[in-house]
Amino acid sequence: MIPVAPPTEENLSLAARALAQGGLVSFPTETVYGLGANALDPMALARIFEAKRRPFFDPLIVHIAHRSSLEILCASAPTRRGHTLPGGEGGTGYSDPRAEKLMDRFWPGPLTLVFPKSGAVPDLATSGLPTVAVRMPAHPVALELIRRAGFPVAAPSANPFGRLSPTTAGHVRDQFREGIELILDGGPCSVGVESTILSLAGETPVLLRAGGLAREEIEALIGPVADAASFQARPQSPGQLPGHYAPRTRLRLLRGSGSADLSGPASGAARIGYLGFRSVPADGGFAAAEILSASGDMREAAANLFACLHRLDRLELDLILAESLPEKGLGLAIMDRLGKAETGSARDP
Ligand code: TXA
Ligand code: MG
């Protein structure tokens, strides 16, 4: 059993040391729990792929606690105008006003930015891409761990590849048997869906993954962003793959007018679970049900999403029916995860 420990001084030091020695540590962020390794150590990075059974074509997000770490990670650091970087040439003189605005407003927080990468970032972290995804998480335990480690920490969500993301320490413990030194327990994640990923590597900012920061908030600050789908045919971000975030139980997303026609699928002795946005239909005859937010609060719904799915998934149901949410604000990220859960769960045996 992998040890789960509260984020005391002692355990944070232990965790930082484990990372420095090339080990893996799971830690809380405000979005989901991460599975961290030293981002500059290819051997440590390889352990992430091994533990998650993650394909090498899926690049990692690098977590930092200070903006100055961008100087190590990025080809030309998007720093404050006029600020001179140490080391003279190479890093100096470049400034991306979009990045500055976004970082000023949303970091630390659930926004990952993709920049041209420096030579210091191992290819394994970026799957050979010329870009690196960076984020500064808003969770105090994550920030303290990265500070103590003293290097950037690469961390995907702490779940086996393609499976439900973890929003509690228990979710992590239940999905892994070995390969992780320690799980730091920082309680349930407050945001509950992964960070929004925005590429600033080209002229036009591109939304690579809807997530915990609403697209509308980004556009209000820097203007329109392009959709990854309309921008290129091939997904750059495996979070864009259609079968990600899947429960073991088959899930069907109720599209259109929603819950009116529910009696149909509840045929025979099938045990059907229901994931409702604000409520559960009274006469559905469901074996189990979860509600994302009784008050219809999108933030609360996002924070509850994966925990509700984990609970339903443990019940050996024949089918989970999920209600659609309005695709506005965080609703976009929630519907994206549910749509992928539907595709991924349909494909599994
Ligand atoms: O909220 C989050 O972002 C969480 C927490 C732990 O920080 N992390 C997370 O990591 O969701 P992961 O590995 O589950 O998803 C990372 C996504 C992948 O879909 C990956 O393809 C994309 O980020 N990504 C990483 N580097 C990229 C790059 N250079 N270009 C495009 N996409 C990239
Ligand atoms: Mg993930």
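Residues numbered from 1 in each chain as written. Chains lettered and ligands numbered in written order. Predicted model: local features only at pLDDT ≥ 70, side-chain atom pairs only at ≥ 80, totals over all residues. Heavy atoms only, no water.

### Side note on the side chain of Arg54
Note the cut-off: Under the scheme used here, helices are H or I runs from DSSP no shorter than 4 residues and strands are E runs no shorter than 2 residues, and both carry numbers assigned from the N terminus. Accessible area is worked out with a 1.4 Å probe on protein chains only. A residue is then buried under 20% of its type maximum, exposed over 50%, and partly exposed in between. Polar contact is the term for a pair of N or O atoms within 3.5 Å; when the atoms are in protein, one must be able to donate a hydrogen and the other to accept it, and sequence-neighboring residues count only if both atoms are side-chain atoms. Working rule for contacts: check all heavy atoms of both residues, and any pair within 4.5 Å makes them a contact.
Mapped onto the fold, Arg54 is located in the loop between helix 2 (42–52) and strand 4 (61–63). You can call Arg54 buried: its relative accessible area is 10%. A polar contact is formed between the side chain of Arg54 and the backbone oxygen of Pro59, at a distance of 2.9 Å. Sequence-distant contacts of Arg54, defined by excluding residues within four places in its chain, comprise Phe49, Pro59, Leu60, Pro156 and Phe161.

### Here's the deal with the pairing of strand 5 (residues 111–116)
For clarity, the cut-off: Only when DSSP finds a minimum of two bridges between them are two strands counted as paired.
Summarising burial for strand 5: five of the six residues are buried, a large majority. Bridge count between strand 5 and strand 9 (residues 196–199): four bridges; the pairing is parallel. When the sheet's bridge partners are listed, Leu113 is paired in strand 9 with Leu198. Examined bridge by bridge, strand 5 and strand 6 (residues 131–135) share four bridges and lie antiparallel to one another. Following the sheet pairing, Pro116 is matched in strand 6 by Thr131.

### Points about the nonpolar core
Across soluble globular proteins, you tend to see nonpolar side chains buried next to one another. The criterion, for reference: Only buried residues count toward a nonpolar core, which is a set of Ala, Val, Leu, Ile, Met, Phe, Trp, Tyr and Cys residues joined through side-chain atoms within 4.5 Å.
In terms of nonpolar packing, the biggest core is built from 66 residues, with Leu102, Trp107, Leu111, Leu113, Leu145, Leu184 and Leu198 touching the most fellow members. The leading source of residues in this core is helix 6 (residues 140–149), at six residues. Ignoring sequence-local partners within four residues, the contact set of Leu113 consists of Leu102, Met103, Trp107, Val132, Ala133, Val134, Leu198 and Leu200. Leu164, Leu330, Leu338 and Ala341 belong to the second-largest nonpolar core, a separate cluster that totals 29 residues.

### Observations regarding the sheet that holds strand 13 (residues 272–276)
How we decide: For helices, the fitted axis covers only the stretch in contact; all axes are lines through C-alpha atoms, and the angles between them, taken along N-to-C directions, range from 0 to 180 degrees.
Read from one edge of the open sheet, four strands run 12-15-13-14, paired in parallel fashion. Because the sheet does not close on itself, it has two edges, and the strands there are strand 12 (251–254) and strand 14 (288–291). Neighbouring strand axes in the sheet, compared pairwise and without regard to direction, differ in orientation by 20° on average. Relative to strand 15 (residues 319–323), strand 12 runs parallel, the two sharing four bridges. Counterpart to Leu251 in the pairing with strand 15 is Ile320.

### A closer look at the sheet that holds strand 2 (residues 25–27)
Strand order in the open sheet formed by 11 strands is 1-8-2-3-7-4-6-5-9-10-11, and the pairing between neighbours is mixed. Every other strand in the sheet has two partners, leaving strand 1 (4–5) and strand 11 (226–227) as the edge strands with one partner each. Across two bridges, strand 10 (residues 206–209) lies against strand 11 in parallel orientation. Each residue of the ladder has a partner; that of Leu207, found in strand 11, is Asp227. Here helix 6 sits on the sheet and contacts strand 2, strand 4, strand 7 (153–154) and strand 8 (182–184); the angle it forms with strand 2, its principal contact strand, is near 145°.

### Description of the pairing of strand 9
Of the two faces of strand 9, both are covered, the one formed by Thr196 and Leu198 as well as the one formed by Ile197 and Ser199. Hairpin remark: strand 9 followed by strand 10, antiparallel, with six residues in the connecting loop.

### Description of the environment of Leu305
With respect to the helices and strands, the residue Leu305 is situated in helix 10 (residues 298–313). Each C-alpha atom, one on Leu305 and one on Val191, is 9.7 Å from the other, the two residues being 114 residues apart in sequence. Those residues in contact with Leu305, other than ones at most four positions away along the chain, are Val193, Leu275, Leu292, Ile334, Arg337 and Leu338.

### Topic: the confidence of the model for the chain
For clarity, the cut-off: Confidence of the predictor at the level of single residues is captured by pLDDT, which takes values from 0 to 100.
Across the chain, the average pLDDT comes to 89, with 87% of residues at or above 70. Scored below 50 in pLDDT, residues 80–94 makes 21 contacts in the model with residues more than four places away or belonging to other chains.

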